[in-house]
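A closer look at the structure
Now for the letters of each chain:
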Amino acid sequence: MVEGDRWRVKVGAWLHDPAEKALVLFRDPAGHEGGTVAVLARAAFGEAGITREESDIVRRADWWASAADRPQFPRDEKDHRYASWAQVRFASSPVLIHPLSGERFELGSLEDVEIDALKAVSLDHLRDLICRTASGETDWRRSFLSLWRRGPTLPAPELGALWTVLPADTRIPDHSIWEHLRLVSALAGAMHGGGPVLLSVSLGPVQSFIAQGRSTSDLWAGSHLLSRMAWEAMRVVCESCGPDAILFPDLHGVPLVDLWLKHEGVEVPSDGPRSDAHPLFAATLPNRFVAVVSAEEVDGLVERLRSGVRKWVRDRAESAWAALLEAAGLDAASGAPGLDQIDGQLAGFPEIHWAAVPWSLVSVGADGRVGKGDVRQLARALDVFYPDSSTPPGFLGSEAWRLLSRALAVERTTFYEPFPGVLYPALFDLLDRTAAAAKSTRTFLQSPQVGYRCSLCGEREWLTVDRDHLSRARGSAAEDSVWGRAGRNRVGWVRGREHLCAVCTLKRVWPMLFCREVRDTVDDLDGVQRYVVSTHTMALASTLAEIVANSGRAIGSDAFKRLQEVLVGEDDGGGGRVALPRRLAIDLHRKPAAIVDVVRRLPAVLDDLRDRARDGEDAVRDEAEKKRHLIDRCLASVLEAVRGERGQWKAEAYYALLLMDGDRMGAWLSGSGDCRRPTYESIWHPSVRQQAAAMATRSADLEGYLQTPAPPSPAYHTAISRALNGFSGTVARFIVEDVFLGKVIYAGGDDLLAMVSVDDLLPAMLALRCAYSGVVPNDDEAAFRGLLRSEIVKDIRIRRGYVQLQTQDRQLLRMMGKNATASIGAVVAHHMAPLGKVLRELRAAERRAKKKGGRDAFSIALAKRSGGTTHFTSRWRVSEAGVAAPQTPIGALLRLSRVLNARLSRRAAYHMSSWLAELPPGPGRTEPPMHRDDFIGLLRTNLSYQMRRQRKEKETPVKDIDELAADLAGMAVVEFESGRAASAPDFLRELIGVAEFLARAERGGE
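For clarity, every value in this text was computed on a predicted model and none was experimentally measured.

**Remarks on helix α5 (residues 115–127)**
At 3.6 residues per turn, the α-helix brings residues three or four places apart onto the same side. The end-to-end C-alpha distance of α5 is 18 Å, a good match for the 18 Å that 13 residues give at a rise of 1.5 Å each. The complete set of buried residues in α5 reads I115, L118, K119, S122, L123, H125 and L126. Down the axis of α5, the sector holding all buried residues measures 170°, keeping them to one side. Residues of α5 that are buried make contact with α2 (21–24), α3 (35–45), α6 (140–150), α7 (162–165) and α8 (177–190).

**With respect to the pairing of strand β17 (residues 857–863)**
Among the seven residues that make up β17, seven are buried, leaving the element largely enclosed by the rest of the structure. Burial of β17 is two-sided: the residues A857, S859, A861 and A863 facing one way and the residues F858, I860 and L862 facing the other way are all buried. By the bridge criterion, six bridges tie strand β16 (residues 822–830) to β17 in an arrangement that is parallel. Within the sheet, the bridge partner assigned to V827 lies in β17 and is A861. With helix α32 (residues 835–851) bridging β16 and its parallel neighbour β17, the resulting β-α-β unit is left-handed. Sheet analysis places β17 next to strand β18 (residues 869–875), joined by seven bridges and oriented antiparallel.

**Quick look at the sheet that holds strand β6 (residues 288–294)**
Spatial ordering of the open sheet is given by β5-β6-β4-β7, a layout of four strands whose pairing is antiparallel. Looking at which strands have only one partner, the edges of the open sheet turn out to be β5 (246–248) and β7 (351–358). Adjacent strand axes in the sheet meet at a mean angle of 25° when their direction is disregarded. In the sheet, strand β4 (residues 196–204) pairs with β6 via seven bridges, with the strands oriented antiparallel. From the neighbouring strand, S202 faces β6, where its bridge partner is R288. Strands in contact with helix α10 (residues 216–241) are β4, β5 and β6; relative to β6, the strand with the most contacts, it is inclined by about 15°.

**A closer look at the pattern of salt bridges**
For the structure on display, the rule yields 47 salt bridges. Put simply, K21 and D17 hold a salt bridge, and the shortest N to O gap is 3.4 Å. With a relative accessible area of 7%, D17 lands in the buried category. The salt bridge partner of R628 is E625, with a shortest N-O separation of 2.8 Å. Highlighted residues: R628 and E625, both in helix α25 (residues 618–643), separated by three residues, approximately one helical turn. Classification of E625 as partly exposed rests on a relative accessible area of 25%. Bridged by salt links that share partners, the residues R228, E232, R235, E239 and E517 form one connected network.

**Considerations on the nonpolar core**
Formed by 170 residues in total, the largest nonpolar core has its most connected members in M229 and L657. Residues L396, F428, M947 and A999 belong to the second largest nonpolar core, which totals 144 residues.

**Observations concerning the sheet that holds strand β15 (residues 812–814)**
Taken in spatial order, the three strands of this open sheet run β13-β14-β15, and their pairing is antiparallel. Each edge of the open sheet carries a strand with a single partner, namely β13 (796–799) and β15. Each strand axis lies, on average, 20° off the axis of its neighbour in the sheet, ignoring direction. One ladder, built from three bridges, connects strand β14 (residues 802–805) with β15; its direction is antiparallel. Counterpart to Y802 in the pairing with β15 is R814.

**Brief notes about unusual backbone geometry**
Trans is the common state for peptide bonds, and a negative phi is the common state for residues other than glycine. A cis amide bond links F248 with the next residue in sequence, P249, at an omega value of 5°. In this fold, P249 is placed in the loop between β5 and α11 (255–263). Residue P350 is reached from F349 by a cis peptide bond, and omega for that bond is -5°. By the element assignment, P350 lies in the loop between α13 (336–345) and β7. In this model, N778 sits at a positive phi of 60°, which is unusual for a non-glycine residue. With respect to the secondary-structure elements, N778 resides in the loop between α30 (761–773) and α31 (781–788). A positive phi angle is found at R877, which is not glycine, with a value near 60°. In this structure, R877 sits in the loop between β18 and α33 (889–902). Relative accessible area serves as the criterion here: at 11%, R877 is assigned to the buried category.

**Remarks on the packing of aromatic side chains**
Counted under the stated rule, the structure contains 18 aromatic pairs. Taking the centre distance of 5.7 Å and the plane angle of 40° together, the rings of W7 and F144 count as tilted. In this pair, W7 sits in helix α1 (residues 3–14) while F144 sits in helix α6, placing the two residues 137 residues apart along the sequence. Note on W7: relative accessible area 7%, which makes it buried. An aromatic cluster is built from W64, W359, Y424 and F428, whose rings are joined through pairwise contacts. The ring of W7 is capped by R141, whose NZ or CZ atom sits 5.3 Å from the centre of that ring. Above the plane of the ring of F209 lies K507, whose end atom (NZ or CZ) is 5.0 Å from the centre.

**Topic: the packing of helix α34 (residues 907–916) against helix α35 (residues 932–949)**
Two numbers describe how α34 lies on α35: the axes approach to 9 Å, and their chain directions differ by 150°. Considering their axes alone, α34 and α35 lie roughly antiparallel with respect to each other. Here the hand of the crossing between α34 and α35 comes out right-handed. Here A908, H911, M912, W915 and L916 of α34 lie close against α35, whose contacting residues are L938, L939, N942, L943, Q946 and M947. Class assignment of the residues belonging to the contact of α34 with α35 gives a composition of eight nonpolar, three polar and no charged.

**Some points on the pairing of strand β12 (residues 751–757)**
Consecutive residues of a regular strand have side chains that alternate between opposite faces of the sheet. Counted residue by residue, β12 has six buried out of seven residues, so it is predominantly covered. Direction of pairing for strand β10 (residues 654–662) relative to β12: antiparallel, over a ladder of seven bridges. Each bridged residue has a counterpart across the sheet, and for Y655 the counterpart in β12 is S757. As judged from the six bridges shared by strand β11 (residues 742–748) and β12, these two strands associate in the antiparallel manner. The residue bridging G748 from the neighbouring strand is D751, located in β12. Counting the residues between successive antiparallel strands, the hairpin from β11 to β12 contains two residues, one of them, G749, with a positive phi of roughly 65°.

**Let's talk about the environment of P99**
Topologically, P99 is positioned in the loop between β2 (95–97) and β3 (104–106). For the pair P99 and G801, spaced 702 residues apart in sequence, the C-alpha to C-alpha distance is 9.8 Å. If we ignore the near neighbours within four places in the chain, the residues touching P99 are D174, P678, Y716, A719 and R814.

**Structural notes on helix α4 (residues 52–69)**
Between its first and last C-alpha, α4 extends 26 Å over 18 residues, near the 26 Å set by a 1.5 Å rise per residue. For α4, the set of buried residues is E54, I57, V58, A61, D62, W64, A65, S66, A67, A68 and D69.

**A short note on the environment of K119**
Mapped onto the fold, K119 is located in helix α5. Residues K119 and P18 lie 101 residues apart in sequence; the distance between their C-alpha atoms is 9.0 Å.

Reading the values: rules and limits
Residues numbered from 1 in each chain as written. Predicted model: local features only at pLDDT ≥ 70, side-chain atom pairs only at ≥ 80, totals over all residues. Heavy atoms only, no water. Helix = DSSP H or I, 4+ residues; strand = E, 2+ residues; numbered from the N terminus. Expected span 1.5 Å × (residues − 1). Buried < 20%, exposed > 50% of the residue type's maximum accessible area, 1.4 Å probe, protein only. Arc of directions from axis to C-beta. Contact = heavy atoms within 4.5 Å. Pairing = 2+ DSSP bridges. Right-handed = clockwise from strand over helix to strand, strands pointing away. Axes fitted to C-alpha atoms, helices over the stretch in contact; angles between N-to-C directions. Salt bridge = Lys/Arg side-chain N within 4 Å of Asp/Glu carboxyl O. Core = buried A, V, L, I, M, F, W, Y, C linked by side-chain atoms within 4.5 Å. Phe/Tyr/Trp six-rings, centres within 6.5 Å; stacked < 30°, edge-to-face > 60°. Lys NZ or Arg CZ within 6 Å of the ring centre and 35° of its normal. Parallel < 35°, antiparallel > 145°, perpendicular 65-115°, else oblique. Left-handed = near helix turned anticlockwise from the far one by under 90°. Nonpolar A, V, L, I, M, F, W, Y, C, P; charged D, E, K, R; others polar.

Here it is, written out as structure tokens:
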């Protein structure tokens, strides 16, 4: 097959089943392969239609995809027709099943959906996606890309979210028609030149590359640059094989992919606001991907992506070096020594590891099916990784393969016949283990570094225009080095006496380089010159939001005018404005110009003053400190004017970082461990399940088949990938940046790193955890929303493994399901605290959540500037029956902090902690032994007594206080009895310590 035929075949694969198939089955006289399928085939292929060879490839790909993704159904041994009970009329009994949890969604009758109208909408929508060349011929490549990107998008508002979730097979409604079409297209494109191959590629290093930096802007730059490099690698596969070839991560709707599609001539939906809240500024792609490609192109693809990514990195490093020379007032010719250093330091960067496993390890019979004897090659390959096993290796030794490896006949019907796709779990297992082995056998290139080293990483020489400078310490070289010159010109990305290597220079200048790149492709980014993520901004976010919300009162005050005058006399250190939380940026949009200017410039000026106070000479440092204190006093006066009451107000000085990670993701991908995959029986439509269960009473093999957990399949991995893509790319950003005052630094797959204002930390953590699984505690959405207390929370619905955003396009997104869990570590730190220390605390908090909390947990660290660190770790308990959101540990923590803030004197926290220190660990550990209920009563009564004593207003209702005391006492004993807390009183003391700090109204003076 020639290259041009690949895109014809992929278009044929996309059109082989109608999008509306589930709703027209058994209702349309034309059948699901007539109707729109026939019309679209003529529109694309003309009257001659698809060739026999192409049709055979699509049919074979369809068989493989179906075998990989679904259990088979009984056919009569004589006429091979499906049994009548295995046929489902979806319109009258529409059910969706979550592929990762097995939960059912019953949609109610869809019989009122008119077939002709539905077919007309589908036909018009998909026919418009068939693109033409200038001569009127079908543009196969562009047509395929349009179908892949725009096919699943809603064609008509009246269809709602139904269009995106219509099942591929009504009997197993756990994956959509779009997921099936993508897999058939990917396999069809690879079924020539040796057949399909699973390819795994990973880029590194990851942790050291991201973590080396002095600021959150460095942190964002490292994360975003790594995501951008990952896309450069994926782009090579997308250009050759199509974006559907990448099975993991899911690329549909990823902003960088949409930008590439625009260059390919494909119309894509609106790409977001023309500001630094644009989705392109989010790092959303992981450093690893898995693709299905053809055997004969693997080596060429890997070589192209390796050389392409490294050339791309080198070109950007040269651009960063050129920008530094320009900032230093030096001509390009003087930068030759630096270019030589770049060549040496970037040799072999980034590291690229890959592995490939061909499907040809499975022998296929003349009938296209596979049996036990056809997996010998695959078994030998897997044996290498299972040296001590006395049974067949991996999936080949499982009960699932014992049942699936042969035809399963029951009562004159053949229930199951294996196609090669069913061996996807074994192939993926082999790929995963081979990739791990390849990554462990690294080769290191020696690159001699003889001069003084980089200020950030300490690994490589800093870049220079004169190698003699490298023999001098940075202080003595600063005056005449390129870094010293650039620093004197007040360049925002040269801080103090820093001297950076090629890699760190690229990271530092990347915010500016990426803005240039985006401005070349996205119209008018509202003057964004450089993307700066600032801790100062996040600490001030709640203060700035209050000023913006009360802009009329603020702008008319003398304090605001004084603040304007101070800012006019200050520059921003060349850093430009900083990136604001999206919610704040939206609220700011229609405010007076004076408010916009102050809110945009204030954090950048304060950042610059902080840098000057930290890195400047004595006189510069003193002057910067005076200016900073003056601005703090002006802000306090503005707050007094805004609040309309006198007080010792101070702007918030703390911010929060949170790090989220999905639990047991390796087990989820491999289908091993305790990820609780649904059984074959649970993913079938209820009517089919009932009949199969009745037949299973007469067949032990069929009963075993029904109860076997469904092994990983392409659709299973696609479900994980789409869930993680939807969570990180859409839902997490919406929660952090639209619902709350926050900024996402990195969101790729199950990993999330974000900054939020301290006031929003607890509700944001709870919302993220619930959205990840698509569940709310006790299925009580009213209690969940009431606890979060955000007006915008009404725009997000979380239920039964799905999240729906009540925004303009009303997206329905499938999440990971009730069985999947995630852990979060969080740290609250002063904006002046060194980032390295804060990140160490953050990672330690995440480890505590995983280890001390036992996963599905959270841990919060308070890094107080006055000294000392306070920790609190607990389980989420969001999936426990009968436990609503306010009764979860984080819910109780949030309620207590609000009570301490609004209704109680802070002395209540100190009295409760002092009293708890004198108590025994828990029930059964007292003298004489105390019953569990009596111990809970002791805790409840005394907690309630101390809080009642310290009420600020005696008319404050005590009901809420008593309920809170009861919830705190009960959960403390639960944590003690589970072994996760050393003692119930210690658990409460840690919780109270965190709640008290978060309740303070004047942390700015802490």
